[in-house]
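If you want the building blocks of each chain, they are given just below.
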Amino acid sequence: VRALLARKRRRTAREKGALPNEQISPADGLLALIQTMAEVNVEKFYERLNKIHAHFVRHSESTWHGAECLSIDKGASDEDNQYLKSTIIHHYLFGYELPDTVVLLTKDGQCVILAAKKKCAFLKPAVDQVPSKGSVKSLKLLTKCKEDNNEANIDTMVGIIQGGNAENAEPLKVGVLLKEYKTNTSHKEGSNIAAWEGRIRNAGDIEVVDVAGGISVVMAVKDQEELDMLKKSSVLSNKVLKHGFVPKMEDIIDNSTAVTHEKLATDVDAIIEDPSKINLNVPTENVETCYFPIIQSGGTYDFRISATSNTDNVKFDVITVALGARYQLYCSNIVRTFLVDAPKAVTK
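All of these numbers come straight from a predicted model, not from anything done at the bench. (Residues numbered from 1 in each chain as written. Predicted model: local features only at pLDDT ≥ 70, side-chain atom pairs only at ≥ 80, totals over all residues. Heavy atoms only, no water.)

Turning next to the confidence of the model for the chain. Regions with low pLDDT carry predicted coordinates that are not meant to be interpreted in detail. In the predicted model, the chain carries a mean pLDDT of 88, and the fraction of residues at 70 or more is 87%. The lowest-confidence element of the chain is helix 1 (residues 2-16), averaging 45 in pLDDT; the highest-confidence one is strand 8 (residues 294-296), averaging 98. In the model, residues 1-26 has pLDDT below 50 throughout and makes 45 contacts with residues more than four positions away in sequence or in other chains. This stretch, residues 33-37, has a pLDDT under 50; its non-local contacts, to residues over four places away or in other chains, come to seven contacts. (pLDDT = per-residue confidence, 0-100. Helix = DSSP H or I, 4+ residues; strand = E, 2+ residues; numbered from the N terminus. Contact = heavy atoms within 4.5 Å.)

Spelled out as structure tokens, the structure:
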């Protein structure tokens, strides 16, 4: 349901011409940014890349499971799963999702990015602006080469992570997003991901370790811009609950109206997607629902994250609601329980 709603929302917005580049689908967004000659935010890119690298170097043996280098591999876009860690990292670093791209980061501060020609053009301004004070020392862009199926590019990357020493006694540990790495075997032949990960899988002297935890630890500490986004997202979730859900729930109870949990959740979801319904002046292209609202009542409750609003009518007893707004890709969540005509012993 959530995937269908997301696709419908993006399709409608595109038809209306309402979405700016950063809010349309990843593939369309990349094409649009290239067409408008957009450039990566170099300062933000290095600030956040250095943040990841510095933590990686300091805690490589613990949080990063002994990895000698990081390989952040982003496969094809998946609109049904917008919370992939690789997708989040791309938005964090680049401001956009760049499908079929490999970001390689070594302990000694070399960053190598393998991508298609237009994506490299988008990243090119950052090549000659490496900050002197950061732990990242260089940025190298490798453009996809169809003629040799990226053979030379992959050889270059392997040489870089081996540090010129191909006779290591122990397998070289390469940090990957293991959950995604295990599912990346279906990428089409000729893609950057297929070429790079194919070499890693078939190399007897390379061992992959999971660094998803390390990435999470670094990104858990938000910078000021991210905090501002989270505040706006939180305010929106609170306003939708207070001025959207609560009045609708009260109206249903006061008028003894038969409304299903699913119908009420649909109405609340529509408010998140279009805050003007509760007189909030928030551009619709900046907001979307984190998940389809979960409304339950009647004595049967499911508090798992996979819970859904069913087709039973709302009962006027104990009503629970969980909803979340996503503002500029930053999520907030709010959950409340409402007691209808509760006895005095309970209210005290």
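The next subject is the pairing of strand 1 (residues 69-74). When you tally the buried positions in strand 1, you get six out of six residues, the bulk of the element. The side-chain alternation of strand 1 yields two buried faces, one formed by Cys69, Ser71 and Asp73 and the other by Leu70, Ile72 and Lys74. When strand 1 meets strand 2 (residues 101-106), the two strands line up antiparallel, connected through six bridges. When the sheet's bridge partners are listed, Ile72 is paired in strand 2 with Val103. (Buried < 20%, exposed > 50% of the residue type's maximum accessible area, 1.4 Å probe, protein only. Pairing = 2+ DSSP bridges.)

All right, on to the sheet that holds strand 10 (residues 325-327) then. Through backbone hydrogen bonds, the strands of a sheet pair up, either in parallel or in antiparallel fashion. The three strands are arranged 7-10-11 in an open sheet whose pairing can be described as antiparallel. The open sheet has two edge strands with one neighbour each: strand 7 (287-289) and strand 11 (330-331). Sitting on the sheet, helix 10 (residues 224-254) is in contact with strand 7, strand 10 and strand 11, with an inclination near 145° to strand 10. (Axes fitted to C-alpha atoms, helices over the stretch in contact; angles between N-to-C directions.)

Okay, the sheet that holds strand 12 (residues 334-339) next. Spatially, three strands are ordered 8-9-12 in an open sheet, and the strand pairing comes out antiparallel. Here the strands that pair on one side only, and so sit at the sheet edges, are strand 8 and strand 12. On average, adjacent strands in this sheet sit at an angle of 10° to one another, irrespective of strand direction. In terms of strand pairing, strand 9 (residues 318-323) meets strand 12 through six bridges, oriented antiparallel.

Our focus in this paragraph is the nonpolar core. Residues Phe45 and Phe94 are the most contacted members of the largest nonpolar core, which totals 35 residues. For this core, the secondary structure elements donating two or more residues are helix 3 (42-58), strand 1, helix 4 (85-94), strand 2, strand 3 (110-115), helix 5 (117-123) and helix 9 (212-220). Tallying contributions element by element places helix 3 first for this core, with six residues. Apart from residues lying up to four places away in sequence, Phe45 is in contact with Val40, Leu93, Phe94, Ala126 and Leu139. Residues Leu236, Met249, Leu323 and Ala325 belong to the second largest nonpolar core, which totals 27 residues. (Core = buried A, V, L, I, M, F, W, Y, C linked by side-chain atoms within 4.5 Å.)

Within the chain, Asn149 stands out as a residue other than glycine whose phi angle is a positive 55°. In the Ramachandran plot, Leu329 falls in the positive-phi region, its phi being about 80° despite a non-glycine side chain. In this fold, Leu329 is placed in the loop between strand 10 and strand 11. For Leu329, a relative accessible area of 27% translates into the label partly exposed.

Attention shifts here to the packing of helix 6 (residues 151-162) against helix 8 (residues 192-202). When two helices pack together, their arrangement is given by the angle between the helix axes and the distance between those axes. The N-to-C vectors of helix 6 and helix 8 enclose an angle of 50°; their axes lie 10 Å apart at closest approach. Taken together, the axes of helix 6 and helix 8 lie oblique to each other. As for how helix 6 packs across helix 8, the hand of that crossing is right-handed. For the pair helix 6 and helix 8, contact is made by Glu151, Ile154, Asp155, Met157, Val158 and Ile161 and by Ala195, Trp196 and Arg199, respectively. (Parallel < 35°, antiparallel > 145°, perpendicular 65-115°, else oblique. Left-handed = near helix turned anticlockwise from the far one by under 90°.)

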